[in-house]
Structures are given as C-alpha cells and as structure tokens.
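Spelled out from the first residue to the last, the chains are:
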Amino acid sequence: MSAEKADIIATLQREILRLEGFRPGSHAAGDVSLGPFQEAFPNGTFPVGAVHEFLSASMEQGAATSGFMAGLLAPLMGDKGVALWVSAARRLFPPALQGFGISPHRFIFLDLKKERDVLWAMEEALKCGALAAVVGEVGEMSFTASRRLQLAVEQSRVTGFVLRHAKRNVGTTACVSRWRITPVASEPDAGLPGLGFPQWQVELLRMRNGKTGVWNIRWEDNKFTPVYKTESVHEQQQQVG
Amino acid sequence: MAGRYVSVWFRHLMTDWFSLQEPERRKQPFVLTAPVHGRVMIVAANAVAEARGIHVGMALADARAVEPTLQALPERPGLARKLLHRLAEWCIRFTPVVAVDLPDGLLLDVSGCAHLWGGETPYLQAIVRKLQARQYDVQAAMADTPGRAWGVARFGRAPWVIEPQRHLDTLLTLPPEALRLEADAVARMHKLGLHQVRQFIHLPRPSLRRRFGESFLQRLGQALGHEDEVLAPVQPVEAYQERLPCLEPIVTATGIAIGLEQLLQTLCKRLQQEQKGLRAAVLKGYRVDGKVEQVSIGTHRPSNSPQHLFKLFETSLPTLEPALGIELFILEASKVEEHYDHQEKLWEGHGGLDDLRLSELIDRLSGRLGPEVIHRYMPDEHYWPERSFRRAVSLQEQPTAPWCIGHLRPVQLLAIPERVEVSALTPDHPPMLFRYKGQLHTIVRADGPERIEQEWWLQQGQHRDYYRVEDDAGRRYWLFRLGHYHEKIYQWFIHGFLA
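Residues numbered from 1 in each chain as written. Chains lettered and ligands numbered in written order. Predicted model: local features only at pLDDT ≥ 70, side-chain atom pairs only at ≥ 80, totals over all residues.

1. Quick notes on the packing of helix 12 (residues 253–273) of chain B against helix 13 (residues 306–316) of chain B
Residues and elements named next belong to chain B.
Next, step 1: Contact geometry of helix 12 with helix 13 gives a least axis separation of 9 Å together with a crossing angle of 140°. When the interaxial angle is binned, helix 12 and helix 13 end up oblique. The two elements helix 12 and helix 13 cross, and the hand of that crossing is right-handed. Between helix 12 and helix 13, the residues in contact are Leu 260, Glu 261, Leu 264, Gln 265 and Cys 268 and Pro 306, Leu 309, Phe 310 and Phe 313, respectively.
Next, step 2: Along the lines of polarity and charge, the residues of the contact of helix 12 with helix 13 split into seven nonpolar, one polar and one charged. (Axes fitted to C-alpha atoms, helices over the stretch in contact; angles between N-to-C directions. Helix = DSSP H or I, 4+ residues; strand = E, 2+ residues; numbered from the N terminus. Parallel < 35°, antiparallel > 145°, perpendicular 65-115°, else oblique. Left-handed = near helix turned anticlockwise from the far one by under 90°. Contact = placed C-beta atoms within 7 Å. Nonpolar A, V, L, I, M, F, W, Y, C, P; charged D, E, K, R; others polar.)

Next up, the structure:
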C-alpha cells in the first residue's frame, strides 16, 4: 500500500515538474551517479541545460570549488565533449584537471581583461550547442545578467557554471542552484602519513525543484564518495576549537 | 623588397624543336626558311649551321653555296608562340609568374622563390639544366629588372646572377641591342659610333629623346629600374576578390549589409567550386569623398559559408563610416586555404573539437575580444610546473604526450610563486607552520618533499622541494623550498592551492 502511494507521489511530482517546464536531462550525465547528492536533484537527475552558481569567498575555497566543478564536469563532458572556461583572473592550472578525469586539452580558456566581457562571452558561448559546458569566473552578477544566461541555456541545453568570487552581497540570481564548497581536513587511510583524498563540505544552498542539504564528501577513484563516520567528530572538533 | 627576375633565352628555339622531332638534324647544318618578297630567306639556323657562317636573314640560295649539304624546311608560323607558351607553363614549377617574351624567350618573376632551391645561383642553374635536359639550348640571367635580365642573358657573360649592387656595371659594357630597342634605333646608334651602353647612358635625356624617340627612354628606364614593367603571366594569379559598384552611393547600414551579403554570396560560390575556404577577408568601401573605409575578419578554420562570414562581419560593420556615401565595395579574401565540403558534413553536430559550430563560436569570440585571449593547452614533457604545458597551435591539435598524472598537482597555481615565512625542522622536514598574507597556518598533515630540478639546458637556477600541506582548518597548499638547507640561501614559497 505504502509502496503504491510512493509510486503515485513520484508520478505526481514528475507531472508537476513537467508542468513547471522542467525537462528531464537527456544528456549522458543522467546515467552517471553523482554520489550522495543525487536525491537532492529534481527527478534524481543533475539538471543539465541550466546555470549553476558556486560561491567562493577565498582562494582556498576557490580551489576546492574548482575541483568540485571539475568532478561535476567530467561526466557532462564524456569522452569527446569540449568545455569553455571564461575568466578575467584565471588561476586554474590546466594539468590538474587530469586528476578529475578530464583531459585538459578539451578545455578552451578565454582569459579576458574585463569582467563585463566575461558575462558577454559566457552568454555567447552558452548559445553554442557544440559545447558540453561553460564555466565562468565572475565577482558580481546582477539578476538580469543571470537571467540572460538562463535564457541562453534554455535553447541550447548547454550547462553553465558560474564561479562567483564574492565575499559578501550575494544577491538573488536566476540560477537553478547555488552551492558553496569548503575544504575540510582530509582523512588518510589508517596509519598512513600525509594527505588523504581531497575532502570537501558541500552545501547546496538552493536547488530549484529539489532539496537543499549539506554533505561531506571526498574525491576518490574519480567519483564523489560520501564521508559519514568521521564527520561528526570533525564537527565536534570545530565546535570545540 | 626589390623584385628579382630571370630572363631565359632560347638561342635556337625553332631548330631545337625540329631536332627533337628528328635527332639526326642536331648534327647537320639545318635551317628554317620563309618566303620574303619572292625570295626564300633563312629565319632560323641551328648551331652547326651558324658555325659554318650561315646566319638568319641570309637567302637560302647563298647559304646553299656556302654549305651544299644544308637541310632546309619551311618554318611554321605561330610555332614560336605556341612553344614558348608551353615552356612557360612548364616553368611554373619554378615560380608562379611566368611570362612569354616573344620571339625567343621567357621572363620569370622569381621574387622570393630562389631560397627554395638553396640560393640564387643553384636556382638559376636548376632552370638552365632542366631546360638543357629537354634539349633546348638556353642561356639565362637573373637581375633586378626584367630589362636587365633580358640584356645580360643575351649579350652578357658569366656570372649570370647579377647582384643588386653591381647592376649598373654590368649594364655599361653591354651593346645597345641589350636594351630591347627597335631595329632602326640600334642601327642609328651603331652609325653614330655608340657601341656600348656606357657611351650614351650619361647623355642628357632631352637630346636622347629627340634623336631616338620616347620608346628608347622607356626601354632605358626599364633596364635601370626607374620604370615599372608589367609581366603578363601565362596563368594569371586570380585574386579572390569581388567588386560591387553602386549606382547611387550607399549611406545606410541596411544598404551596406545587403551589399556585403551579395559579395559574400558570389565569393563563397567561387570558393565552394574550387573547394577552398577563406581564413581572412577584408571589406573595403570606397567613399564618394575619395577615402577608403575597411573592416577585416579572420576565421579559425577555412570557411566558405556566407551566413557564418556575414555574422563575423556583422560585429564590425557599424565601424564602417559611410559619410556621404560608399560607391564601390570590394571584398577580398586575403588568405585562402583548402576546404573540403564532405568533411564538414561529417563534423556537423558531432559535439567535439571538430564541430563546425565550435569553430564558428571561436571566430565570433575572437572577432570581438581579439584572438590573443583564446587559449588551449597541450601537455609538454617537463616536470617544472610552469613548463608542463604549452599553448596549442590550433583547435584541432591533439596531444603527442600524455598529461602527467603521476603526482597530484594543485588546482590553482599562482602565476608567480609568493614568498612565505615558514618554520620547519632541518634538514628537510615538512614545514610546521607558515604565514601567508598575515595569516598563520598550523600544518597538520604534509606530503613531500617532491624535488623538481631545474632543467639546466633551459634555465639556470636552484631546484625546488615541493610539499603538499594541510593546515588545521583543512585547507591545502602547495609550498616549496628553493635551494638546499645547508647552503643557508634557501627560501620558501607558496605556489598553489590544492583542491
């Protein structure tokens, strides 16, 4: 009986999403498990053909966010896909992308001088269906600008990532989601010295038609792996400290 | 750059050709004849006949008296032109601009060609040897003007390559015939005792004009390089250019757009027929007030699609200032490359680097933002982080070496490493704490050192010992120590941020 109910509810949810104009992703990304935050997405699939926003307040957060984005991009790009990285102050080290399962030569970088050009170039690129994804690094982004990006994306079904280096004043945007990635202490396997796999605290602050949440994950074997056990210990440590 | 020209003189063009038909004639005295005023005159003689005193312009009967075994054949009118044309087309292997120089020569514009044969002398030798191998008796010279090359080839002597600085000396000793003058002018010169160019080259121009006419001065100027001479190449290099004259001067943006569209249609049609695509194009607008306005575009892959090219022009069209009106548009493809249509069909909708839509996007972006902002990287086989990748040459380039994945590299790298204050145990323990931008970081975990040596063949300097460290807040950094501990000159730097 309860299983039946759940089924009905799931069908109704899908129906509502469809009425709201949400199209389930037809991209290959739908087949790829994105780990623990899969259930937060509408219909359980990562929304492609949408603009996602990532907040980063410091260089360290920026590095963690770049890593996390690369992890998301890898299944989107597949074996052949090409992505564009638009930035006015890029620090990304291309060879590092290999560590996240992306061949760096499939990235095209646009290193611009002015931030205004970044948004223009992003919009132009998002209209091009040949790209798998477009990443843009900006500081400020107005609601209008984000709306323009969203409109561009709706035609071409390209996925956009906006990395915002904003310390404060994070206003409303038309982006489909908002993330914040913070690096947390890595946990090497028992008894081993040195650093473990990259580990992050992933906060999904907003998700249209989905759920928000906080996860502790690490990048291991080219996929996101949830970290459960030690999370509480770490949080306790932080609270004490 | 000054031009370079080669003049090739076929000394026995017609008789050589007849000898080719029947090789026996090469060893016998042999002439070609034509009836002139009822007399049979010799119009061409081969080398053997000339050695026995038979020359062009002699009556055949007189020649027979000198040489009873003389063979004679009637000449074929128009043969020289046909032969020279064929030889000129053959000579396109040496330079694209070859002109027929009647009655017995070729003129080649060889500017910028000689280095492909390893210099001017080997180049000239190659031409002469190739033609001699075809059984033609040739003599050739290279000089700065067609006129001088012509004169030296016929009346000069070795060296046949005339250096630009000694052109005047070579000209001085030549007879007046070397200036390509009319026959009566030459006769008059010899009558006046002017047997060498040096005797009259310094005479005042007005008196030369009075005596020998305007065409004499023109020939002299051409030999000296004061006057331009236009060669008529056998296969003209047709520029990829389209013109659109307008009945009424165009002043509106719509009008300009329509004009451009028409030009693109015709140009692209021709490019498509020849399986070519343009890489760079210029649109010029000739205004009523005599000024020329122009906009240019460039593409990443040869393109002959009018829609795409129009889009590229569209962004810069508003900079075209019509003022009182534009009366003539010229669209010129300044750079054209091979382009195959069937490949394009294969690529469409592919979604990879070969996708046509991608290169069109890149064209649009570089049109607006400049080509220097677009980067793509290839792995380079260096361990030194700054040198571990290089710029890709084209959008289609594929890596020849694998990307280095042996060591985890920072996601973000500082363009220039920044100095940090570090406390660390000697001699090579990882750092315990470091201060960066005024903030103290206590290091909890560390990996390293990973030593990367300077590549001494590229750059001198000290090695780097890299550590991957994590501080108490879980933030990860890439630090390195430059130099050895024991030498007391080491320094610590932060180079990147790990994910």
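2. Structural notes on the pairing of strand 2 (residues 83–87) of chain A
Residue and element names in this part refer to chain A.
Next, step 1: Burial runs high along strand 2: five of the five residues are buried.
Next, step 2: Alternating positions in strand 2 separate into two faces, Ala 83, Trp 85 and Ser 87 on one and Leu 84 and Val 86 on the other, with burial throughout.
Next, step 3: Relative to strand 3 (residues 107–111), strand 2 is paired through five bridges, and the arrangement is parallel. If you follow Val 86 over to strand 3, its bridge partner there is Leu 110.
Next, step 4: In terms of strand pairing, strand 2 meets strand 4 (residues 133–138) through five bridges, oriented parallel. Bridging across to strand 4, Val 86 finds its partner in Gly 136. (Buried ≥ 20, exposed ≤ 12 C-beta atoms within 10 Å, placed from the backbone. Pairing = 2+ DSSP bridges.)

3. Considering the sheet that holds strand 10 (residues 292–303) of chain B
Sheet strands line up and pair through hydrogen bonds in the backbone, either parallel or antiparallel.
Residues and elements named next belong to chain B.
Next, step 1: The sheet built from four strands is open, its strands ordered 8-11-9-10 with antiparallel pairing. Edge positions in the sheet fall to strand 8 (241–250) and strand 10, since each has one partner strand and no second. This sheet shows a mean twist of 15° between the axes of neighbouring strands, independent of strand direction.
Next, step 2: Two elements, strand 9 (residues 276–287) and strand 10, share eight bridges in a ladder whose sense is antiparallel. Note that in strand 10 the partner of Gly 285 across the bridge is Glu 293.
Next, step 3: The sheet contacts of helix 13 involve strand 9 and strand 10, and relative to strand 10 the element is tilted by about 140°.

4. Focus on the confidence of the model for chain A
Residues and elements named next belong to chain A.
Next, step 1: On average, residues of chain A score 83 in pLDDT, and 88% of them are at 70 or above.
Next, step 2: Contacts of residues 25–31 to residues separated by more than four positions or lying in other chains number 15 contacts, the stretch itself having pLDDT below 50.
Next, step 3: Predicted confidence for residues 230–241 stays below pLDDT 50, and this span has four contacts to residues more than four positions away or in other chains. (pLDDT = per-residue confidence, 0-100.)

5. Some remarks on the nonpolar core
Next, step 1: Membership of the largest hydrophobic core comes to 94 residues, with the highest contact counts inside it found for Ala83(A), Val86(A), Ala125(A), Leu131(A), Ala133(A), Val134(A) and Leu479(B).
Next, step 2: Ignoring any residue separated from it by four or fewer positions in sequence, one finds Leu131(A) in contact with Val82(A), Ala83(A), Leu84(A), Ala125(A), Val158(A) and Leu358(B).
Next, step 3: Counting residues in hydrophobic clusters, the runner-up holds 50 residues, among them Phe18(B), Ala143(B), Ala153(B) and Ile162(B). (Core = buried A, V, L, I, M, F, W, Y, C linked by C-beta atoms within 7 Å.)

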